[in-house]
Amino acid sequence: MTDTPPDDAIAYAICSMSDIPSRRAMGFELALDGGDGPRPWPIIVVRWGRQVFGYVNRCPHHGVNLDWERNQFFNQDGTRLMCGKHGSLFDLATGQCVDGPCKGSGLTPVPLTVLDDDICVTGVTLVADDEDDADAASGSGEEE
Ligand code: FES
């Protein structure tokens, strides 16, 4: 038996539900633990009422961030995610490109869950930020 849950059971809180108004999206610059060092992992979190949807912030057309202005992810009527470079439109709930040069492909989903009103990323291993490192250091004292 082990007390350490597998990586896919770890939930990393990235913000609270109230940080993102309903029918809005927000970008986060996270870092994956790739084994050989941190790997930048920009993600988009969409909130639609009590539902949340997460995607990697990378357009399948040219691999750029969707938001050419920070946190501007939606088309004009606020019904689709939109890439600011060539205007591809993506379904909010599936990430599939429904119009534009990358039609037929889609955004990479990010598994999210809501725990105690916190929006959390699951299924990956993230690199802890400095604050967490400081907490871990102050709580150390284990002996081998
Ligand atoms: S880079 Fe996104 S539509 Fe071309």
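Cut-offs applied
Per chain, residue numbering runs from 1 following the sequence as it is written. The predicted nature of this model means local features are confined to residues of pLDDT at least 70 and side-chain atom pairs, given and counted, to a pLDDT of 80 or more, with totals for whole chains, interfaces and linings taken over all residues. Where helices and strands are cited, they refer to DSSP runs of H or I of at least four residues and of E of at least two residues respectively, numbered from the N terminus. Residues are called buried when their C-beta atom has 20 or more other C-beta atoms within 10 Å, exposed when it has 12 or fewer, and partly exposed otherwise; all C-beta atoms are positioned from the backbone. Throughout, a residue-residue contact means that the two C-beta atoms, derived from backbone geometry, are no farther apart than 7 Å. Strand pairing requires that DSSP identify at least two bridges connecting the strands. Note on geometry: axes are lines fitted to C-alpha atoms, helical ones only across the stretch in contact, with angles between N-to-C directions running from 0 to 180 degrees. The nonpolar core criterion groups buried Ala, Val, Leu, Ile, Met, Phe, Trp, Tyr and Cys residues into a set whenever they are joined through C-beta atoms within 7 Å. Scored from 0 to 100, pLDDT records how confident the predictor is in each individual residue.

Caption draft 1: Representation of the overall build of the protein chain in the model. A count of helical and extended segments in the protein chain gives 1 helix and 10 strands. Across the 144 residues that make up the protein chain, the buried fraction comes to 20%. If you take every contact in the protein chain between residues at least 6 apart in sequence, the share linking residues at least 24 apart comes to 45%.

Caption draft 2: Seen up close, the pairing of strand 4 (residues 51–56). Pairing of strand 3 (residues 38–48) with strand 4, which is carried by 6 bridges, proceeds in the antiparallel orientation. In the sheet register, V45 faces strand 4, and the bridge partner there is G54. Relative to strand 8 (residues 109–110), strand 4 runs antiparallel, the two sharing 2 bridges. Counted as the bridge partner of Y55 is P109 from strand 8.

Caption draft 3: Quick look at the sheet that holds strand 10 (residues 118–122). Strands sit in the order 1-10-9 across an open sheet of 3 strands; the sheet is antiparallel. At either margin of the open sheet sits one strand with a lone partner, and together these are strand 1 (11–16) and strand 9 (112–115). On average, adjacent strands in this sheet sit at an angle of 35 degrees to one another, irrespective of strand direction. Two strands pair when backbone bridges link them, and strand 9 and strand 10 are joined in this way by 4 bridges, in the antiparallel orientation. Its bridge partner being in strand 10, V114 is matched across the sheet by I119.

Caption draft 4: Looking closely at the nonpolar core. Of all hydrophobic cores here, the largest spans 22 residues; its most connected members are I43, I44, V45 and L66. Secondary-structure elements contributing two or more residues to this core are strand 2 (24–33), strand 3, strand 4, strand 5 (80–82) and strand 10. For this core, the leading source of residues is strand 3, giving 5 residues. Beyond its immediate sequence surroundings of up to four residues, I44 is in contact with A25, G27, G54, Y55, N57, L66 and F73.

Caption draft 5: The environment of T125, seen in detail. On the secondary structure map, T125 appears in the loop between strand 10 and helix 1 (130–138). Sequence separation between T125 and A11 is 114 residues; the distance between their C-alpha atoms is 9.3 Å.

Caption draft 6: Representation of unusual backbone geometry in the model. Backbone geometry places R23, a non-glycine residue, at a positive phi of 65 degrees. Relative to the helices and strands, R23 resides in the loop between strand 1 and strand 2. Non-glycine residue N71 carries a positive phi angle of around 65 degrees. Here N71 shows up in the loop between strand 4 and strand 5.

Caption draft 7: Inspection of the sheet that holds strand 3 at higher detail. Taken in spatial order, the 4 strands line up as 2-3-4-8 in an open sheet, and their pairing is antiparallel. Among the strands making up the open sheet, the edge pair consists of strand 2 and strand 8. As judged from the 10 bridges shared by strand 2 and strand 3, these two strands associate in the antiparallel manner. The partner of D33 across the bridge, within strand 3, is P38.

Caption draft 8: View of the confidence of the model for the protein chain. Averaged over the protein chain, the pLDDT score is 87; the fraction of residues at 70 or greater is 83%. This stretch, residues 1–5, has a pLDDT under 50; its non-local contacts, to residues over four places away or in other chains, come to 1 contact.

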